[in-house]
Amino acid sequence: MNTTNILYYLWRGCQMYRSTMCFAKGVGAGLLACAVLTMLSSRAMKKNKHFRHKTHRAMNAVGDLMHNVEYMFR
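Residues numbered from 1 in each chain as written. Predicted model: local features only at pLDDT ≥ 70, side-chain atom pairs only at ≥ 80, totals over all residues. Heavy atoms only, no water.

A. Representation of the overall build of the chain within the structure. A count of helices and strands for the chain gives two helices and zero strands. At 23 Å, the chain has a C-alpha radius of gyration far larger than the 11 Å of a compact globule built from 74 residues. Along the first, second and third principal axes, the C-alpha set of the chain runs to 70 × 40 × 10 Å. Among the 74 residues that make up the chain, the fraction classed as buried is 1%. With an accessible surface of roughly 7,000 Å², the chain has 68% of that area assigned to carbon and sulfur atoms. (Helix = DSSP H or I, 4+ residues; strand = E, 2+ residues; numbered from the N terminus. Rg over C-alpha atoms; globule rule 2.2 N^0.38 Å. Buried < 20%, exposed > 50% of the residue type's maximum accessible area, 1.4 Å probe, protein only. Areas by Shrake-Rupley, 256 points an atom, 1.4 Å probe, with all protein chains shown as cover.)

As structure tokens, then:
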């Protein structure tokens, strides 16, 4: 192996490490946002009956949509 190949492999290794770290940071930020939204929505669900009703309807609509998409792929 010549010097150019060694430098290329080192550069690629650094690039892969950076992209992996960016992905890991993104996943961590997504999990943190999910935890915060879960906490806030659970508080709202306990206090607000109208919010519970709307959330239940939205969950049913998404469930029906997923069922329809699954049916289309059969």
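Still more ground to cover, so stick around.
B. Layout of the packing of helix α1 (residues 3-47) against helix α2 (residues 49-72). The contact between α1 and α2 brings their axes to 6 Å, and the two run at 115°. The two elements α1 and α2 meet at a crossing, and its hand is left-handed. Judged by residue contacts, Ser-41, Ala-44, Met-45, Lys-46 and Lys-47 of α1 engage Lys-49, Phe-51, Arg-52 and Thr-55 from α2. Residues that form the contact of α1 with α2 fall into these classes: three nonpolar, two polar and four charged. (Axes fitted to C-alpha atoms, helices over the stretch in contact; angles between N-to-C directions. Left-handed = near helix turned anticlockwise from the far one by under 90°. Contact = heavy atoms within 4.5 Å. Nonpolar A, V, L, I, M, F, W, Y, C, P; charged D, E, K, R; others polar.)

C. Inspection of α2 at higher detail. For α2, which comprises 24 residues, the first-to-last C-alpha distance of 35 Å matches the rise-based estimate of 34 Å (1.5 Å per residue) to within 8%. Regarding α2, its N-cap is Asn-48, as a side-chain oxygen of that residue lies 3.2 Å from the backbone nitrogen of His-50 further along. (Expected span 1.5 Å × (residues − 1). Polar contact = N/O pair within 3.5 Å; in protein donor to acceptor, adjacent residues only side chain to side chain.)

D. A look at a nonpolar patch on the surface. Taken together, the side chains of Leu-32, Val-36, Met-39 and Leu-40 define a hydrophobic patch exposed on the protein surface, amounting to about 360 Å² of accessible area. Topologically, Leu-40 is positioned in helix α1. The exposure class assigned to Leu-40 is partly exposed, which follows from its relative accessible area of 46%. (Patch = residues over 30% accessible without salt bridge, like charges linked within 9 Å, V, L, I, M, F, W, Y side chains within 5 Å. Salt bridge = Lys/Arg side-chain N within 4 Å of Asp/Glu carboxyl O.)

E. Fine view of the environment of Leu-10. By the element assignment, Leu-10 lies in helix α1. According to the relative accessible area criterion, Leu-10 is exposed, its value standing at 53%.

That's the geometry; what it means functionally is another story.
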